[in-house]
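So you can see what is in the structure, the chains are spelled out below.
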Amino acid sequence: MLEVASIPDLRAWAAERRRAGQRIGFVPTMGFLHEGHLALVDAARRLSDSVVMSIFVNPLQFAPSEDLARYPRDLRRDRALAASRGVALLFTPDVATMYPPGGDTRVVPGAMAERWEGAVRPGHFAGVLTVVAKLLNLVQPDVAVFGQKDIQQAALIRRMVRDLDWPVQLVVAPTVREPDGLALSSRNGYLDPAARTRSLALSRALAAAHESYAAGERSAAAIERLVRDVIEVSGGLTADYIAVVDPDRLDPVDVLSDDTIVAVAARVGQTRLIDNIILGVGV
Ligand code: AMP
């Protein structure tokens, strides 16, 4: 595995691979890698010849009140994990490389970014889309892989790529979980043992939603109530939202179908957790 931190080095490497006729796969991350990130690499490798992974903790997507300064980092460990999983090029730019002084342009998403996560984290998705736009432009991959874990992010990136006619295939890979159901996240380390136990109500609630759908429930209102009940009964978790939505625009639906998404966000102490399922697929 090669590691580069500069834009000219990244571009030269990618141009060379393209000249050799290779398909390039791309997995953008903020590092502190876990099995969820590495499953995206596996998916990218199945669909391309050489996989680029970026590790960049993007300051633009953190509000001043959020955890940018304490966001977990371990580049040495990440390097070893990425190499062992077959990443061909690791791109590790610093902030000055991605956002040189004087920069003044942002990608501004539409109404889809105002709801759910966007309502709780104003400006977050403009930061995400700006960095993803830059990274896609730098790497120019044939295929880019994102996680279902951040489903609104994936939907907004898909929208951006369609709206701006970029020639890249997007793949959304299923959420990787701990054996007890907790979705893997770089932020799970913030949870003490008691909070971690409480956080399991999230995946339990989604599993209950899937069971109820599989048993024939078709009312979105009923599923929302069920998810809220499981979360509230658990105690110690505060739901920010429970979204029962279509997969394309994330608009609320009334009647459930296989592709309906149930997405939840909740707080455990200071930590925010998000999770979701596609009803026809389950947890
Ligand atoms: P992050 O480093 O949190 O920005 O995440 C980088 C990519 O990994 C995003 O596309 C996430 O959706 C994806 N990801 C994060 N957690 C998981 C998970 N548990 N399973 C699958 N993908 C994930």
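Note: the structure precedes this text.
Computed from a prediction, not measured in an experiment: that's the story for all the values here. (Residues numbered from 1 in each chain as written. Predicted model: local features only at pLDDT ≥ 70, side-chain atom pairs only at ≥ 80, totals over all residues. Heavy atoms only, no water.)

Q: With reference to specific residues and values, describe the overall build of the protein.
A: Helix and strand content of the protein: 9 helices and 9 strands. Taking 19 Å as the expected radius of gyration for a compact globule of 283 residues, we find that the protein reaches 19 Å, a close match to that expectation. A burial count over the protein gives 49% of its 283 residues as buried. When the accessible area of the protein is evaluated, it comes to approximately 13000 Å², of which 51% is carbon and sulfur surface. Charge centroids of the protein, computed over 32 positive and 34 negative side chains, lie 4 Å from each other. (Helix = DSSP H or I, 4+ residues; strand = E, 2+ residues; numbered from the N terminus. Rg over C-alpha atoms; globule rule 2.2 N^0.38 Å. Buried < 20%, exposed > 50% of the residue type's maximum accessible area, 1.4 Å probe, protein only. Areas by Shrake-Rupley, 256 points an atom, 1.4 Å probe, with all protein chains shown as cover. Lys, Arg positive; Asp, Glu negative; His and termini not counted. Charge placed at Lys NZ, Arg CZ, Asp CG, Glu CD.)

Q: A description of the site of the ligand should follow, citing residues and the corresponding values.
A: Around the ligand, 17 residues are found, and the nearest of them are H37, G147, D150, V176 and L184. Note that an oxygen atom of the ligand is positioned 2.9 Å from one of the side-chain N or O atoms of H37. Contact with the protein chains removes 92% of the 490 Å² of surface that the ligand exposes when unbound. When residues of the shell around the ligand are traced back to their parent elements, those giving at least two are β2 (24-29), α2 (35-47) and β5 (143-147). No other element matches the 3 residues that α2 contributes to the shell around the ligand. Grouping the constituent residues of the shell around the ligand by class yields 8 nonpolar, 7 polar and 2 charged. (Near = heavy atom within 4 Å. Polar contact = N/O pair within 3.5 Å; in protein donor to acceptor, adjacent residues only side chain to side chain. Nonpolar A, V, L, I, M, F, W, Y, C, P; charged D, E, K, R; others polar.)

Q: Now, about the sheet that holds strand β4 (residues 89-91): what can you tell me, with residues and values included?
A: In spatial order, the strands read β1-β4-β3-β2-β5-β6; together these 6 strands make up an open sheet with parallel pairing. Sheet topology places β1 (2-4) and β6 (169-173) at the edges, where each strand pairs with a single neighbour. In this sheet, neighbouring strand axes are inclined to one another by 25 degrees on average, regardless of whether the strands run parallel or antiparallel. When strand β3 (residues 50-55) meets β4, the two strands line up parallel, connected through 3 bridges. (Pairing = 2+ DSSP bridges. Axes fitted to C-alpha atoms, helices over the stretch in contact; angles between N-to-C directions.)

Q: I'd like to hear about the pairing of β2, residue by residue, with values.
A: Most of β2 is tucked away, with 6 of its 6 residues classed as buried. Residues I24, F26 and P28 line one face of β2 and the alternating positions G25, V27 and T29 line the opposite face, and both faces are buried. Alignment of β2 against β3, held across 6 bridges, turns out to be parallel. Residue pairing in the sheet places G25 in a bridge with V51 of β3. Handedness of the crossover joining β2 and β3 through α2 is recorded here as right-handed. Here β2 pairs with β5 via 2 bridges, running parallel. Across the sheet, residue G25 finds its bridge partner in β5, namely V143. (Right-handed = clockwise from strand over helix to strand, strands pointing away.)

Q: Before we move on, could you go through the sheet that holds strand β7 (residues 238-245) and cite the residues and values that matter?
A: Spatially, β7-β8-β9 is the arrangement adopted by the 3 strands of the open sheet, whose pairing is antiparallel. The open sheet has two edge strands, β7 and β9 (271-278), and neither has a second partner. Adjacent strand axes in the sheet meet at a mean angle of 10 degrees, parallel and antiparallel pairs treated alike. Sheet topology places strand β8 (residues 261-268) next to β9; 8 bridges connect them, and they run antiparallel. Within the sheet, the bridge partner assigned to A263 lies in β9 and is N276. Along the sheet, helix α8 (residues 193-214) makes contact with β8 and β9, crossing β9 at roughly 20 degrees. (Contact = heavy atoms within 4.5 Å.)

Q: Give a detailed account of the nonpolar core, specifying residues and quantitative values.
A: Counting 44 residues, the largest nonpolar core has L10, V52, F91 and V132 as its most contacted members. Tallying contributions element by element places helix α6 (residues 124-139) first for this core, with 10 residues. For V132, the contacting residues outside a window of four places in its chain are F146, I157 and M160. (Core = buried A, V, L, I, M, F, W, Y, C linked by side-chain atoms within 4.5 Å.)

Q: Describe in detail the packing of aromatic side chains, supporting the description with residues and values.
A: Evaluation of the coordinates by the stated rule reveals 3 aromatic pairs. On the basis of an interplanar angle of 50 degrees and a centroid distance of 6.0 Å, the ring pair of F56 and Y99 is categorised as tilted. Taken together, the positions of F56 in the loop between β3 and α3 (75-84) and Y99 in the loop between α4 (95-98) and α5 (117-120) put the pair 43 residues apart, joining distant regions of the chain. Between the aromatic rings of F62 and Y71, the centroid separation amounts to 5.7 Å while the plane-to-plane angle is 80 degrees, which identifies the pairing as edge-to-face. The two residues F62 and Y71 agree in class, both being buried. Sitting over the face of the ring of Y190, R70 holds its NZ or CZ atom 4.2 Å from the ring centroid. When the ring centre of Y213 is taken as origin, the NZ or CZ atom of R218, which lies over that ring, is 3.9 Å away. (Phe/Tyr/Trp six-rings, centres within 6.5 Å; stacked < 30°, edge-to-face > 60°. Lys NZ or Arg CZ within 6 Å of the ring centre and 35° of its normal.)

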